[in-house]
Every structure is written in structure tokens, then in C-alpha cells.
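Commentary on secondary and tertiary structure
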Amino acid sequence: MKYEIAGDPMSDLKWTRKTTAKIVNELALIGIPVSKTTVGKILKGLNFSLKTNVKSISSGGKPITKKKREERNNQFEYINEMISEFAKMRKPAISVDTKKKEPIGNFKNHGTRYKREADLTNDHDFLTYASGIAALYGVYDQQENKGFVSIGMFLKEGRTILSGDTPEFAVESIERWWINDGIETYRNKNELLIVADGGGSNGHRPHMWKVKLQEILCNKYKFNVTVCHYPPGASKWNAIEHRLFSEISKNWRGTPLIDYETILKYTMRTKTNTGLRVNAVLVEKLYEKGLKASRMDLEKLNIERHEVNPLWNYTLHPN
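Definitions and cut-offs
- Residue numbers restart at each chain and count upward from 1, following the sequence in its written direction.
- Restriction of local features to residues with pLDDT of at least 70 applies here, the model being predicted, together with a cutoff of 80 or more for giving and counting side-chain atom pairs; totals for whole chains, interfaces and linings are based on all residues.
- Heavy atoms throughout the structure, all of them, feed into the side-chain values; hydrogens and water do not.
- Numbered from the N terminus, helices here are DSSP runs of H or I no shorter than four residues, and strands are runs of E no shorter than two.
- This radius of gyration counts C-alpha atoms alone. The globule rule is 2.2 Å times how many residues there are, raised to the power 0.38.
- A simple rule labels every residue: compare its accessible area, found with a 1.4 Å probe on the protein chains alone, to the largest value its type can have, and call it buried under 20%, exposed over 50%, or partly exposed in between.
- The criterion used for residue contact is that any of the two residues' heavy atoms lie within 4.5 Å.
- Per-residue and other accessible areas were derived by the Shrake-Rupley procedure at a 1.4 Å probe size, with only the shown protein chains allowed to occlude residues.
- By the counting rule applied here, Lys and Arg register as positive and Asp and Glu as negative, while His and the ends of each chain are not counted.
- Working definition for charges: the position is that of NZ of Lys, CZ of Arg, CG of Asp or CD of Glu.
- Simply put, an axis is a line fit to the C-alpha atoms, just over the touching stretch for a helix, and the angle between two N-to-C directions goes from 0 to 180 degrees.
- For classification purposes, angles smaller than 35 degrees are called roughly parallel, those larger than 145 roughly antiparallel, those between 65 and 115 roughly perpendicular, and all remaining angles oblique.
- Put simply, Ala, Val, Leu, Ile, Met, Phe, Trp, Tyr, Cys and Pro go in the nonpolar bin, Asp, Glu, Lys and Arg in the charged bin, and everything else, Gly too, in the polar bin.
- As used in this structure description, the phrase polar contact means that two N or O atoms lie within 3.5 Å; if the pair is within protein, one of them must be able to donate a hydrogen and the other to accept it, and residues adjacent in sequence are counted only when both atoms belong to side chains.
- Here, expected helix span is obtained from the residue count minus one, scaled by 1.5 Å.
- Note that bend, as reported per residue, equals the angle between axes fitted to the 7 residues terminating at that residue and the 7 residues originating from it.
- Whenever Lys or Arg places a side-chain nitrogen within 4 Å of a carboxyl oxygen from Asp or Glu, that contact is recorded as a salt bridge.
- Crossings are assigned a handedness: left-handed for a near helix turned anticlockwise from the far helix by less than a right angle, right-handed for a clockwise turn.
- Throughout, a disulfide means two cysteine sulfur atoms within 2.5 Å of one another.
- Two rings from Phe, Tyr or Trp (for Trp, the six-membered ring) form a pair when their centres sit within 6.5 Å of each other. Planes less than 30 degrees apart are called stacked, planes more than 60 degrees apart edge-to-face, and all others tilted.

**Brief notes about the overall build of the chain**
In terms of helices and strands, the chain carries eight helices and 12 strands. Its C-alpha atoms give the chain a radius of gyration of 25 Å, more than 25% over the compact-globule value 20 Å for 319 residues. Summarising its shape, the C-alpha atoms of the chain cover approximately 80 × 60 × 40 Å along the three principal directions. By residue count, 41% of the 319 residues in the chain fall in the buried class. In the chain, once contacts between residues fewer than 6 apart in sequence are set aside, the share between residues at least 24 apart is 70%. As presented, the chain carries roughly 19200 Å² of accessible surface, and 52% of it is formed by carbon and sulfur atoms. Between the centroid of the 51 positive side chains of the chain and the centroid of its 37 negative side chains there is a distance of 6 Å.

As C-alpha cells, this is what we get:
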């Protein structure tokens, strides 16, 4: 009988593609009555056990080495140290990211809410039916348990989205947080810690992200801006994901996001029993996609790389 055993030809790792119930059925066909419990015990004796998928391959297609794991672990510890250090000095430390983009239109929104009658929505959620895209760039202040969200109004012309989630949009969203909320809370402070994902518009690779931080925050407000990035593939550990974005999604669950005003209303009404409060604004500015930083822009960067994981940790100083 074939048990459909598979495995790695370069190691002793083996697995079976069949469930215990299917193995029991196949054994019965050849006259061997046995229970699922017994099959499970036999598999365990053969060093088989239930396994889930393990994220161990980087975006480059190579397995994460022990050295890389240590590097990633050191980064998590370093981020926690930096957040604690800024908190002790009552200096702003914010978590930033862009929420999953939301199509604007009469589309089904997952979840339920109490109503006398269900909302009737489109039978298909094709993006071509959307009047635009809402890009929510969030800033979460963990010390104050406050969120600020810039809602980008990415309108459509035919099938073309006229704006994008760019580094300029990200940095100007942080500036809006500072003008609306941060300056009152952290008056006379000249240092800012930004904790961000490793990719996207605020990733560690885009030069334009650093250029806009230099221009808009450092030079304009005379800030020292320290940035710590989470390692690639570790965005779910970013505090903004489970402290702010998840609460916004729960607040509008079951509600069709038919226009930008609906998104603004439900975002601003987001609150929790633990004290979370959220402010939000609509942003009508169009952000051109694909802009590249020039060599002159990069030469103007007053950047200091940290000793710990210098690609992921750096401080920009005013020029």
C-alpha cells in the first residue's frame, strides 16, 4: 500500500499527505482493521507529527540562516530599548504604517452589525466598480494611546488611480500628526522616534523616504528623527497593526464604505475601553508615483547610521 510519504531528499524530514482517517480506510481495504488513534500512535513512533507552515524563507527565496535570525532578534530587542528610552524622557515615539487600502463603493464589508435589514451591496467587488481608493496612513502614539490617520483620497480616471501611497504621502502624514496632535503633547521636544515596517512607502530601502524626512521633518521643524525598521516579514509585530488598525476595522465591520466621508466618520469614532482615541483627516492632494531621489538629494542627507543593524536603524539631523 502507498502511504504517499514525501520528504526532503537532503535531510531526514518526512511527511505524509494523507490524514489518519484516509490511512484507516486504505488499511481496511487490505483487511487490516485499525482505529485512527492507533494510526496516530504509529505515526508518532515513526517521528511524524502535525506541523504547520514555518516562515523561514526570505523574500529573496533563500532560507533564513541562524545569523539572520539572531540579527532579527537583536532588532526586536533594540526597538524595545529605543521605545523605552524615549518614553522615559517623555519624547515622542510613534508607530507608523499604511492600512490595507479600501475600495470606495457599495461593496460588501466583512463582519456583522445590528440592523433591522441587511445592506444590499454589489454582487461583485471588482475594483473597476470603485470610484476611488482610500489609503489610510496611520500614526500611533503608544505613550498616549492615541491614533492619527491621514485618509488619502486616491481618485480614479477610468481605470487609472491618480495618486499613490508614496514616501511623500507617508512623511506628510506624520507631519499632519505633529501639527494636529503631537505639538501639544510634546511641546519643546526636538527628537522623534519612528518605528516602521521594513517595506512599503516607509521602508528602509526607498531613498525618497529619507529625503522627505530630511526636508519635511528635520529641516523644517529642527528635529532629530530616529527611525527603527522592523525586519522584513515582521510587520504584524508593529504596534499600530493591533492597537489601531484592527480597532478601526472592527468599528466599521459590516458597513459598506460607500464614500470617503463614511471612512472618515467611522475612523474618527474608533475608541476602546482601554482609552484609545483617534483623530483623522481627509487628504485631497495627489501624490505622483514613481518619483526618484536625485544624487543631489542624497548628498543633502545628514544621516547617522547606528552600530546595531545600520540598514534598519538611523538618525537624521537638521542641516
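Next comes the rest of the write-up.
**Examining the packing of helix α1 (residues 20-29) against helix α2 (residues 36-45)**
If you want to describe how two helices pack, look at the angle between their axes and the distance between the axes. Taken N-terminus to C-terminus, the directions of α1 and α2 make an angle of 105°; their axes are 9 Å apart at the nearest point. Regarding the angle of α1 to α2, the classification is roughly perpendicular. Of the residues in α2, those touching α1 at T20, A21, I23, V24 and L27 are K36, V39, G40 and L43. Of the residues contributing to the contact of α1 with α2, the split by class is six nonpolar, two polar and one charged.

**A word on the side chain of N238**
Here N238 is to be found in the loop between β9 (224-229) and α6 (239-251). A relative accessible area of 0% means that N238 is categorised as buried. Side-chain polar atoms of N238 contact the side chain of S95, separated by 2.3 Å. With residues near it in sequence (within four places) discarded, N238 still touches S95, V96, D97, V195, A196, D197 and Y230.

**Notes on unusual backbone geometry**
Positive phi, close to 70°, is recorded for N188, a residue that is not glycine. Tracing the sequence through the fold places N188 in the loop between α4 (167-185) and β8 (191-196). Judged by relative accessible area, which is 77%, N188 ranks as exposed. Positive phi values are uncommon outside glycine, yet N309 reaches one of about 40°.

**Concerning helix α5 (residues 207-221)**
Look at α5: 20 Å from first C-alpha to last across 15 residues, which is about the 21 Å you get at 1.5 Å a residue. Most pronounced at Q214, the bend in α5 amounts to some 35°. All of the buried residues along α5 are M208, W209, K210, V211, K212, L213, Q214, I216, L217 and C218. At the exit of α5 stands K222, carrying a positive phi of roughly 60°.

**Quick word on the pattern of salt bridges**
Scanning all chains against the criterion turns up 13 salt bridges. One salt bridge in this structure joins K99 and E102, with 3.4 Å as the shortest N-O distance. You can call K99 buried: its relative accessible area is 6%. Overall, the relative accessible area of 8% leaves E102 in the buried class.

**So, α4**
The end-to-end C-alpha distance of α4, which contains 19 residues, comes to 25 Å, matching closely the 27 Å that a straight helix rising 1.5 Å per residue would cover. Residue W178 marks the point of greatest curvature in α4, where the axis turns by about 50°. Among the 19 residues of α4, 14 are classified as buried, and the element is accordingly described as predominantly covered.

**Considering the packing of α4 against α5**
Where α4 contacts α5, the axes come no closer than 8 Å and their chain directions differ by 25°. The angle between α4 and α5 falls in the class roughly parallel. Regarding α4 and α5, the two cross each other, and that crossing is right-handed. Facing α4, whose interface residues are P167, E168, A170, V171, E172, I174, E175, W178 and I179, α5 presents M208, W209, K212, L213, I216, L217, K220 and Y221. Of the residues in the contact of α4 with α5, the class split is 12 nonpolar, no polar and five charged.

**Some words on the state of the cysteines**
Overall, the coordinates contain zero disulfides when judged by the stated rule. Here C218 stays unpaired: no disulfide links it, and the sulfur of C228, its closest cysteine neighbor, is 14 Å away.

**Some remarks on the packing of aromatic side chains**
Counting across every chain of the model gives nine aromatic pairs. Between Y137 and F169, the aromatic rings sit 6.1 Å apart at their centres with planes inclined by 75°, giving edge-to-face as the arrangement. Of this pair, Y137 sits in strand β5 (residues 132-141) while F169 sits in helix α4, and the two are 32 residues apart along the sequence. On the basis of relative accessibility, which here comes to 0%, the residue Y137 falls in the buried class.

**So, the environment of S235**
Structurally, S235 is set in the loop between β9 and α6. In this structure S235 comes out as partly exposed when scored by relative accessible area, which is 32%. Placed 37 residues apart in sequence, S235 and G198 show a C-alpha to C-alpha distance of 7.6 Å. If we skip the residues at most four places from it in the chain, S235 touches D197 and E241.

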